[in-house]
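Examining the three-dimensional arrangement
Here are the chains, one letter per residue:
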Amino acid sequence: QVQLMESGGGSVQAGGSLKLSCAASESAYRLYCMGWFRQGPGKEREWVAHRVRSHASTYYADAVKGRFTISQDDDKKALFLQMDSVKPDDSAVYYCVAGGFCSRSSRDWDYWGQGTQVTVSS
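In this text, all values refer to a predicted model and were calculated from it rather than measured experimentally.

Within this structure, the stated rule accounts for two disulfides. The disulfide bridge from cysteine 22 ends at cysteine 96, spanning 2.1 Å between sulfur atoms. One quick way to see it: the torsion about the S-S bond of cysteine 22 and cysteine 96 is about -80°, and its sign makes the bridge left-handed. Within this pair, whereas cysteine 22 is found in strand E3 (residues 18-24), its partner cysteine 96 is found in strand E9 (residues 92-99), the two being separated by 74 residues in sequence. Of the residues examined, cysteine 22 reaches a relative accessible area of 0% and is grouped as buried. We classify cysteine 96 as buried; its relative accessible area is 0%. The side chain of cysteine 33 participates in a disulfide bridge whose partner is cysteine 102; the two sulfur atoms lie 2.2 Å from each other. Note on the cysteine 33 and cysteine 102 pair: the S-S dihedral is about 115°, so by sign convention the disulfide is right-handed. Remark: cysteine 102 occurs in the loop between E9 and strand E10 (111-112) and cysteine 33 occurs in strand E4 (residues 33-39); sequence separation between them is 69 residues. With relative accessibility at 23%, the residue cysteine 102 sits in the partly exposed group.

And the structure:
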């Protein structure tokens with residue numbers, strides 16, 4: 001079974017930090033690419049970042065570059081999103097994703113977690 005489960009969401013003040021976690025099943029974790037999307041109120045689902053497992057290449061949306069960091073723990077089979085210097089515009093439901101290839105389009109990802117809410121106050 002391919003399963004993903006996010007955790008670590010919550011409320012934080014602007015300028016603060018938050019770390020999201022994604023626990024993955026073995027079949028999910030060994031896929032070529034894992035990443036994060038987010039969706040704020042009234043907005044379309046937005047690509048945030050992803051990481052290629054084979055050589056740990058990372059890619060970030062311009063809106064989060066320099067502030068967010070994606071990483072993986074092979075022992076725990078977990079994906080993380082370290083969020084620093086957060087802004088109110090970062091408020092959204094964050095989703096962990098996995099698939100056989102990497103893409104900035106939400107339609108191209110095969111597997112999704114249930115999402116975790118992040119709220120940033122100004």
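There's plenty left to go through after this.
The next point concerns the nonpolar core. Counting residues in hydrophobic clusters, the biggest one holds 32 residues, and the most contacted among them are Met34, Trp36, Leu81 and Tyr94. Within the residue set of this core, elements represented by two or more residues are E3, helix H1 (26-29), E4, strand E5 (46-52), strand E7 (68-73), strand E8 (78-83), E9 and strand E11 (116-121). Element by element, the count of residues in this core is highest for E9, at five residues.

As a further point, take unusual backbone geometry. Of note, the phi angle at lysine 77 is positive, near 55°, even though the residue is not glycine. Along the chain, lysine 77 turns up in the loop between E7 and E8. Of note, serine 85 is a non-glycine position whose phi angle comes to about 50°, a positive value. Looking at where serine 85 falls in the secondary structure, it is placed in the loop between E8 and E9. On the basis of relative accessibility, which here comes to 42%, the residue serine 85 falls in the partly exposed class.

Quick notes on the rules
- Residues numbered from 1 in each chain as written.
- Predicted model: local features only at pLDDT ≥ 70, side-chain atom pairs only at ≥ 80, totals over all residues.
- Heavy atoms only, no water.
- Disulfide = S-S within 2.5 Å.
- Helix = DSSP H or I, 4+ residues; strand = E, 2+ residues; numbered from the N terminus.
- Buried < 20%, exposed > 50% of the residue type's maximum accessible area, 1.4 Å probe, protein only.
- Core = buried A, V, L, I, M, F, W, Y, C linked by side-chain atoms within 4.5 Å.

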